[in-house]
Amino acid sequence: MDYSVKWDWITLFLYLILTIFCGLILKKALSYKKEPKYLNFFNYSINYKYICYLIVIFVLVFFMCTRVIKGELGGADTLRYIKFFNTFDYTPFEIKNILGMQGWEYLFFNTMYLIRILGGNYTVFSIVVYTILVGCYIYYFDQNVEKEDEWFVSLIFILPYLKSMNILRNCLAAAIGLLSIEAIKKNKKIIFLIIFIIAYLNHYISIVLLAFGLFCFFVPEKWYNSRKKTIIISLSVFVMTLLGIPIIKWLLSLTRYAGYLNRIDFSPYGYIVYTGIYCLILLVYDEFIKTLKERNHFIFYKMIVFLSIVVAPFTVVNGTQRLLLYFEIPRFIMYGDLFSVYNKKIPKKYQKSFKIAIIFVYILWIIFRIWRMYESSYIMPYKNIIFG
């Protein structure tokens, strides 16, 4: 068998089938959320919504934990993580290293160690990790998506899920980070802090969550709560990004991520899609903000401003685009809010066609992103240890 990475149409089709299947199951969950139906099990009644969620968790965990990992198959860093699992001993809790983002992440690597000394293997570790990862996706979806016709936002889950075949720690920490973002939304500062610490001890780059929390809790909304202010902030940061590359290099040189210094680059092409969506938001700014507030999604607007101010300058370094993983799922759920605003502006007879077009765009984006990352992340071809 050839174990080298290469483009594979069958694998692409498989990924899309998996994406659409899980999306439709979550669509059904939304219908049970609106009109609950219950399964009676002994003395308990279980909402079918939770059965749908369990199906999705089982399918995604099974799919990932039964993949062939050999040669270049199964993810670029997976063999490295298997080596870590088999060789790493207990990682001590050293405050200086943790605060300085030096050394190995305490929680992630000690979870490996604990499972190994209890007799488990890397497959058991993977089952634990992916159950947590997918469970966090499902929880965030349940908390933030109410309307059945916006189920398509769940399609995007496939992207960080597939990225985890390469950057598992980062994707796990970002998934846990969703819970901290939800805590920010509910103004639960202590819960946010606890979850942030858990995410940070899985990957130090989770420090971005603390920055986001401080921004949301302490920066007055009056500083950025208008279309004009948003545009001024974005343009100012764009200019400062171009002028601030030396500062970015210096900041990175102080951390364990100094290896990214040779990746400093700036390309306007990467901003085309996001700039287009940004313009669509500005065109319906007032209705969009009203919708966010009605749905208790105003944190998504805070996220836009935060990404413009804090994260955008660091995306000129290719490796630190991993920061955006923490906001990828919230961002696409926010696009569901934007869809709702524009959907109301369209004549009713065209709304179904508009929705189909949006789903088609989501799928095209997923295909494009898979094409962009398949070679570097080793996500193709997919082979299964049970089904071949």
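To be clear, the structure that these remarks concern was listed above.
As the structure is a computational prediction, the values presented were derived from the model and not from experiment.

## Quick word on the pairing of strand E2 (residues 44–47)
- Bridge analysis of strand E1 (residues 38–41) against E2 gives four bridges, and the strand direction is antiparallel. Within the sheet, the bridge partner assigned to Leu 39 lies in E2 and is Ile 46.
- Hairpin remark: E1 followed by E2, antiparallel, with two residues in the connecting loop; positive phi at Phe 42, about 55°.

## Regarding the packing of aromatic side chains
- Tallied over the full model, the rule gives 45 aromatic pairs.
- Seen in terms of ring centroids, Trp 7 and Trp 9 are 5.3 Å apart; in terms of plane orientation they differ by 85°. Their pairing is edge-to-face.
- On the basis of relative accessible area, Trp 9 is assigned to the exposed category, the value being 63%.
- On the numbers, 5.3 Å between centres and 80° between planes, the contact of Phe 212 with Phe 327 is edge-to-face.

## Looking at the side chain of Ser 340
- For Ser 340, the location among the structural elements is in helix H16 (residues 325–345).
- Accessibility expressed as a relative area gives 6% for Ser 340, which makes it buried.
- Ignoring any residue separated from it by four or fewer positions in sequence, one finds Ser 340 in contact with Lys 147, Glu 150 and Arg 295.

## What to know about a nonpolar patch on the surface
- Side chains of Leu 39, Phe 41, Phe 42, Tyr 44, Ile 46 and Tyr 50 sit close together on the surface and give an oily, nonpolar patch of about 690 Å² of accessible area.
- Counting residues per element, the ones that place at least two in the nonpolar patch are E1 and E2.
- One can find Leu 39 in strand E1.

## Structural notes on helix H6 (residues 122–144)
- For H6, which comprises 23 residues, the first-to-last C-alpha distance of 33 Å matches the rise-based estimate of 33 Å (1.5 Å per residue) to within 8%.
- Measuring from the side-chain oxygen of the N-cap residue of H6 to the backbone nitrogen of Thr 123 gives 3.1 Å; that N-cap residue is Asn 121.

## With respect to helix H3 (residues 78–87)
- Restricting attention to buried positions, one finds in H3 the residues Thr 78, Tyr 81, Ile 82, Phe 84 and Phe 85. Buried positions in H3, seen along its axis, are confined to an arc of 155° and lie on one side of it.
- Buried-residue contacts for H3 involve helix H5 (106–117), H6 and helix H8 (168–185).

## Quick look at a positive patch on the surface
- On the surface, a cluster of positive charge is made up of Lys 34, Lys 147, Lys 290 and Lys 344.
- By the element assignment, Lys 290 lies in helix H14 (residues 285–294).

## What to know about the packing of H5 against H6
- Packing of H5 against H6 leaves a shortest axis separation of 9 Å and a crossing angle of 130°. Relative to H6, the element H5 lies oblique. In this structure, the crossing between H5 and H6 has a hand that is right-handed. Residues Phe 108, Thr 111, Met 112 and Ile 115 of H5 pack against Tyr 122, Val 124, Phe 125 and Val 128 of H6.
- Considered class by class, the residues forming the contact of H5 with H6 number seven nonpolar, one polar and no charged.

## A few points about empty space enclosed by the protein
- Summed over the entire model, instances satisfying the criterion amount to three cavities of 30 Å³ or more.
- Of the volumes computed, that of the largest cavity is approximately 110 Å³.
- If you trace the largest cavity, you find 15 residues lining it, with Cys 22, Leu 60, Ser 154, Phe 157 and Ile 158 closest to the centre.
- Secondary-structure elements contributing two or more residues to the lining of the largest cavity are helix H1 (9–34), helix H2 (48–65), H6 and helix H7 (158–163).
- Tallied by class, residues from the lining of the largest cavity come to 12 nonpolar, three polar and no charged.
- In this structure, the second largest cavity spans a volume of roughly 50 Å³.
- Lining the second largest cavity, in full, are Tyr 137, Pro 160, Cys 171, Ala 174, Ala 175, Leu 178, Leu 325, Tyr 326, Glu 328 and Ile 329.

Conventions used here
Residues numbered from 1 in each chain as written. Predicted model: local features only at pLDDT ≥ 70, side-chain atom pairs only at ≥ 80, totals over all residues. Heavy atoms only, no water. Pairing = 2+ DSSP bridges. Helix = DSSP H or I, 4+ residues; strand = E, 2+ residues; numbered from the N terminus. Phe/Tyr/Trp six-rings, centres within 6.5 Å; stacked < 30°, edge-to-face > 60°. Buried < 20%, exposed > 50% of the residue type's maximum accessible area, 1.4 Å probe, protein only. Contact = heavy atoms within 4.5 Å. Patch = residues over 30% accessible without salt bridge, like charges linked within 9 Å, V, L, I, M, F, W, Y side chains within 5 Å. Areas by Shrake-Rupley, 256 points an atom, 1.4 Å probe, with all protein chains shown as cover. Salt bridge = Lys/Arg side-chain N within 4 Å of Asp/Glu carboxyl O. Expected span 1.5 Å × (residues − 1). Polar contact = N/O pair within 3.5 Å; in protein donor to acceptor, adjacent residues only side chain to side chain. Arc of directions from axis to C-beta. Lys, Arg positive; Asp, Glu negative; His and termini not counted. Charge placed at Lys NZ, Arg CZ, Asp CG, Glu CD. Axes fitted to C-alpha atoms, helices over the stretch in contact; angles between N-to-C directions. Parallel < 35°, antiparallel > 145°, perpendicular 65-115°, else oblique. Left-handed = near helix turned anticlockwise from the far one by under 90°. Nonpolar A, V, L, I, M, F, W, Y, C, P; charged D, E, K, R; others polar. 1 Å grid on protein atoms, 1.4 Å probe; cavity = no way out; pocket = protein on both sides within 12 Å on 5 of 7 lines; lining within 4 Å. Points joined across faces, edges and corners; volume = space filled by probe spheres on them.

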